[in-house]
Amino acid sequence: MTYDISNDIRYIGVDDKTIDLFEGKYAVPEGVSYNSYLILDEKVAVMDTADARKTGEWLANLRLELSGRTPDYVIVHHAEPDHAASLLALVREYPSITVVSNAKTFALLTQFYDHDFSVNSIAVKEGDSLSLGRHCLNFIAAPMVHWPEVIVSYESSEKVLFSADGFGKFGALDVDDEWDCEARRYYFNIVGKYGAQVQALLKKAASLDIRTIAPLHGPILRENLGHYLSQYDTWSSYRPETEGVFIAYASIYGNTAKAAQALATLLRSRGVKVAVTDLARDDRAEALEDAFRYSRMVLAASTYDGGIFTPMADFIHDLEGKGYRNRRVGLIENGSWAPMSGKKMCEAMESLKDVTVCGHVVTLKSGFKSSDQASLEQLADEIMA
């Protein structure tokens, strides 16, 4: 399969289908791609490299497309190892190549690798450009999308935005699936905390005539670009994408789970769209995705060691870290002798920006009983208010 952008802009990236956890944390059952591109002109530019897991395959792709030519430049948009770990192999194979990036990137590369990449280098800043002949790269700063050194570049002749990790998604390129789902999971878990910085980049991009978006993960985007830009605007503005309720529960003996499922049934009977997650068993990255996707959320957790049962405590830590905001939240707690999870969850949620916590908390004492139904009804009324 070919993923080339044009005759002059060639795809030289690789799929990784053996990786189990992206960044050592996120399950990627469909693998991931490490995208890299080659611009062939009077001067030849390599656009990023690949993870060390795929250095040999990536170099083979590069050599094939070079057809004996020597690359003049390598552009490093992002210093994270899944994109820059093959840089050392590249400069050793082509010692005359010039590394192009910004000052922060060169500092980070020195921290990762025992090599001074600044010896044969060009340090660029926003507004700088690099002519390759017919093609010209224009550099745009994108700090904290999602690392501080990130830059993106706009190739003006073919109107291509090389967007670094922006607009990326999980999944190898030969996986035929919907962009939104895995791009959303990728965004909120990898980039999500930095919505303001993404908004700043979107404003810069709005002034460009973009025909193709070439990210560092996932498919090259060529059609319906308005949809992808709109999704990123929604996500980075922390606006709900779907009207409905996301219910996340952490249950020890199944009683809190029964209450969560009963609430889901009740809400669905009222025509509400509902998603439910078992935080002890389901993918927590997907749970985080759904927390940001839906307009409302209910947290249901047992009391544990005088606090919150650990799967829920871990999930709340993720919500805090990713900047969860602009939502209404309801609570269900359980405790056999001293229910405390509701109080602790409330404190955590009220510390977040623009989060409204429902005044009514459903409190279970050990089991979930028919007498608890009225309390669920009250929470259902309040969460949808």
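(A) Region of interest: helix α4 (residues 103–112). Three or more residues of α4 are buried, namely Thr-105, Phe-106, Leu-108 and Leu-109. Along the axis of α4, the buried positions cluster into a sector of 165 degrees, meaning they face one direction only. Across from the buried face of α4, at angles greater than 90 degrees, the exposed residues are Ala-103, Lys-104 and Gln-111.

(B) Structural detail: the sheet that holds strand β13 (residues 151–155). Ordered in space as β11-β12-β13-β14-β15, the five strands form an open sheet in which the pairing is mixed. Two strands close off the open sheet at either side, each with one partner strand: β11 (129–131) and β15 (212–214). On average, each strand axis in the sheet is inclined to that of its neighbour by 20 degrees, with strand direction left out of account.

(C) View of a nonpolar patch on the surface. Residues Ile-252, Tyr-253 and Tyr-304 make up a contiguous nonpolar surface patch of roughly 370 Å² in combined accessible area. With respect to the helices and strands, the residue Ile-252 is situated in the loop between β16 (242–250) and α8 (255–269).

(D) The arrangement of the pairing of strand β12 (residues 136–141) in detail. Direction of pairing for β11 relative to β12: antiparallel, over a ladder of three bridges. Residue pairing in the sheet places Leu-130 in a bridge with Leu-137 of β12. Where β11 folds back on β12, the antiparallel hairpin that results is connected by four residues, among which Gly-133 adopts a positive phi of roughly 130 degrees. Inspection of the sheet shows β12 paired to β13 by five bridges, in the antiparallel sense.

(E) Here's a closer look at the pattern of salt bridges. Considering all chains together, one arrives at 23 salt bridges under this definition. The salt bridge involving Arg-10 is made with Asp-4; its shortest N-O contact spans 2.9 Å. Each of the two residues, Arg-10 as well as Asp-4, counts as buried. Note that Arg-185 is salt-bridged to Glu-182, the shortest N-O span being 2.8 Å. Highlighted residues: Arg-185 and Glu-182, both in helix α5 (residues 179–191), separated by three residues, approximately one helical turn. With respect to burial, Arg-185 and Glu-182 carry one shared label: buried. One salt-bridge network, held together by shared partners, links Asp-4, Arg-10 and Glu-65.

(F) Local environment of the packing of aromatic side chains. In total, this model carries 23 aromatic pairs according to the counting rule given. Note on Phe-112 and Trp-147: the rings are 6.3 Å apart at their centroids and 10 degrees apart in plane angle, and the pair reads as stacked. Of the two residues, Phe-112 sits in helix α4 while Trp-147 sits in the loop between β12 and β13, which places them 35 residues apart along the sequence. Summarising the aromatic geometry, the rings of Trp-179 and Tyr-228 are spaced 4.7 Å apart at their centres and angled 70 degrees between planes, so their arrangement reads as edge-to-face. Residue Trp-179 is located in helix α5, and its partner Tyr-228 is located in helix α7 (residues 225–236); the two are separated by 49 residues in the primary sequence. There is no split in this pair, since Trp-179 and Tyr-228 are both buried. The structure contains a cluster of three or more aromatic residues connected by ring pairs, namely Phe-167, Trp-179, Tyr-187, Phe-188, Tyr-228, Tyr-232, Trp-235, Tyr-238, Phe-292 and Tyr-324.

(G) Up close: the pairing of strand β18 (residues 294–304). Counting buried residues in β18 gives ten out of eleven residues, a clear majority hidden from the surface. Sheet topology places β18 next to strand β20 (residues 327–334); seven bridges connect them, and they run parallel. Across the sheet, the residue bridging to Arg-296 is Arg-328, located in β20. Two successive antiparallel strands, β18 and strand β19 (residues 307–308), enclose a turn made up of two residues, where Asp-305 displays a positive phi of approximately 50 degrees.

(H) Looking closely at the sheet that holds strand β6 (residues 37–40). Read from one edge to the other, the open sheet built from six strands follows the order β1-β6-β7-β8-β9-β10, with strand pairing classed as mixed. At either margin of the open sheet sits one strand with a lone partner, and together these are β1 (9–11) and β10 (121–123). Averaged over neighbouring strand pairs, the angle between their axes works out to 20 degrees when direction is ignored. Where strand β7 (residues 44–47) lies against strand β8 (residues 73–75), three bridges are found, and the strand directions are parallel. The partner of Met-47 across the bridge, within β8, is Ile-75. Of the strands in this sheet, β1, β6 and β7 are in contact with helix α1 (residues 55–66), which crosses β6 at around 15 degrees. Strands β9 (98–101) and β10 of the sheet are contacted by α4, whose axis makes an angle of about 120 degrees with β9.

(I) Seen up close, the nonpolar core. Formed by 95 residues in total, the largest nonpolar core has its most connected members in Leu-62, Met-297, Leu-299, Met-312, Phe-315 and Met-349. The element best represented in this core is α5, accounting for seven residues. In contact with Leu-62, other than residues within four places in its own chain, are Ile-12, Leu-38, Val-46, Leu-90 and Tyr-94. With 23 residues, the next largest nonpolar core counts Ala-264, Val-274, Leu-364 and Ala-380 among its residues.

Reading the values: the criteria
Counting from 1, residues in each chain are numbered in the order their sequence is written. It should be noted that, the model being predicted, local features are given only for residues of pLDDT at least 70 and side-chain atom pairs only at 80 or more, the latter also being counted only at that level, while totals for whole chains, interfaces and linings use all residues. Excluded from the side-chain calculation are hydrogens and water; included are all heavy atoms of the structure. With a 1.4 Å probe rolled over the protein chains alone, any residue whose accessible area is under 20% of its type maximum counts as buried; one over 50% counts as exposed, and the rest are partly exposed. A helix here means a DSSP run of H or I that spans at least four residues, while a strand means a run of E at least two residues long, and both kinds are numbered starting from the N terminus. Here the arc refers to the directions that run from the helix axis out to each C-beta atom. At least two DSSP bridges between two strands are needed for those strands to be called paired. The angle between two axes is taken between their N-to-C directions and runs from 0 to 180 degrees, where each axis is a line fitted to C-alpha atoms and a helix contributes only its stretch in contact. Each patch is built from residues that are more than 30% exposed by relative accessible area and take part in no salt bridge. Like charges join if they lie within 9 Å; nonpolar side chains (Val, Leu, Ile, Met, Phe, Trp, Tyr) join within 5 Å. Using a 1.4 Å probe, accessible areas were evaluated by the Shrake-Rupley method; residue-level cover was limited to the displayed protein chains. The working definition used for a salt bridge is a side-chain nitrogen of Lys or Arg within 4 Å of a carboxyl oxygen of Asp or Glu. Only centres within 6.5 Å qualify two rings of Phe, Tyr or Trp (six-membered ring in Trp) as a pair; their planes then separate them into stacked at under 30 degrees, edge-to-face at over 60, and tilted for everything else. Only heavy atoms enter the contact rule, under which two residues are in contact if any of them lie within 4.5 Å. Take the buried residues of types Ala, Val, Leu, Ile, Met, Phe, Trp, Tyr and Cys, join any two whose side-chain atoms come within 4.5 Å, and each joined set is a nonpolar core.

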